Amino acid sequence: MGSLIYGTSGIEVEFEDRVLEHLQIVIATKLRRRESFFFSWRDTQKVGDGRSSIWLDAGIPLYFKYSGGRVPSINRDWLNELTASSNSSSGLVLTDEPSLDNSVKRRG
């Protein structure tokens, strides 16, 4: 389980390494363009089973901490879905990774 550490407040949110890798790509792309946006996700039962959001801006430090040493493979369909979400008025909303079966069906 990896972590996204937000700003100087030290807010730490745990995500699986695979999720974190996809988030890092989307977030870095937006911030490199100096685009600020909200990022929202569903909390685990461990922290209350609610929903959380943070405001992401190039001036706010972010730290991506991975638990494993291997870089996960990238699911382009999921990356495209997350990127489209990040460009919406709601901001980046973390969704479940589309299964390979769904990706094949959508292409077919």
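Here, the structure is the one placed above.
My aim in this report is to walk through the structure given alongside it, one point at a time. Everything numeric in this text was worked out from a predicted model, so none of it was measured.

## Section: the sheet that holds strand β6 (residues 92-93)
Okay, so step 1: Pairing is mixed in the open sheet, where three strands are placed in the order β4-β3-β6. Only two strands of the sheet have a single neighbouring strand rather than two, namely β4 (51-56) and β6.
Okay, so step 2: Where strand β3 (residues 37-42) meets β6, two bridges bridge the pair, whose relative direction is parallel. From the neighbouring strand, serine 40 faces β6, where its bridge partner is valine 93.
Okay, so step 3: Sheet strands touched by helix α1 (residues 17-32): β3, β4 and β6. Its angle to β3, the strand with the most contacts, is close to 165°.

## Here's the deal with the nonpolar core
Okay, so step 1: Judged by nonpolar contacts, the single largest core of 21 residues is most densely connected at Phe15, Ile27, Phe39 and Leu92.
Okay, so step 2: Secondary structure elements with two or more residues in this core: β1 (2-6), β2 (11-15), α1, β3, β4 and α2 (76-86).
Okay, so step 3: No other element matches α1, which puts six residues into this core.
Okay, so step 4: Among all residues touching phenylalanine 39, those that are not within four sequence positions of it are Leu4, Phe15, Leu23, Ser52, Ser53, Ile54, Leu56, Leu92 and Leu94.

What counts, and at which threshold
- Throughout this description, residue numbers start from 1 for each chain and increase along the sequence as written.
- Reporting of local features is limited, given that this is a predicted model, to residues whose pLDDT is at least 70; pairs of side-chain atoms are given and counted only at 80 or more, and all residues count toward the totals for whole chains, interfaces and linings.
- As a convention, hydrogens and water are excluded, and side-chain values are obtained from all of the structure's heavy atoms.
- Only strands joined by at least two bridges in the DSSP assignment are considered to pair.
- For helices the rule is a DSSP run of H or I covering at least 4 residues; for strands it is a run of E covering at least 2, with both sets numbered from the N terminus onward.
- Contact definition: two residues touch when any of their heavy atoms are within 4.5 Å.
- Inter-axis angles, ranging from 0 to 180 degrees, are taken between N-to-C directions of lines fitted to C-alpha atoms, where helices are fitted over the stretch in contact.
- For our purposes a nonpolar core is just a set of buried Ala, Val, Leu, Ile, Met, Phe, Trp, Tyr and Cys residues, chained together by side-chain atoms within 4.5 Å.
- For each residue, the accessible area found with a 1.4 Å probe, counting protein chains only, is set against the maximum for its type, and the residue is called buried under 20%, exposed over 50%, and partly exposed in between.

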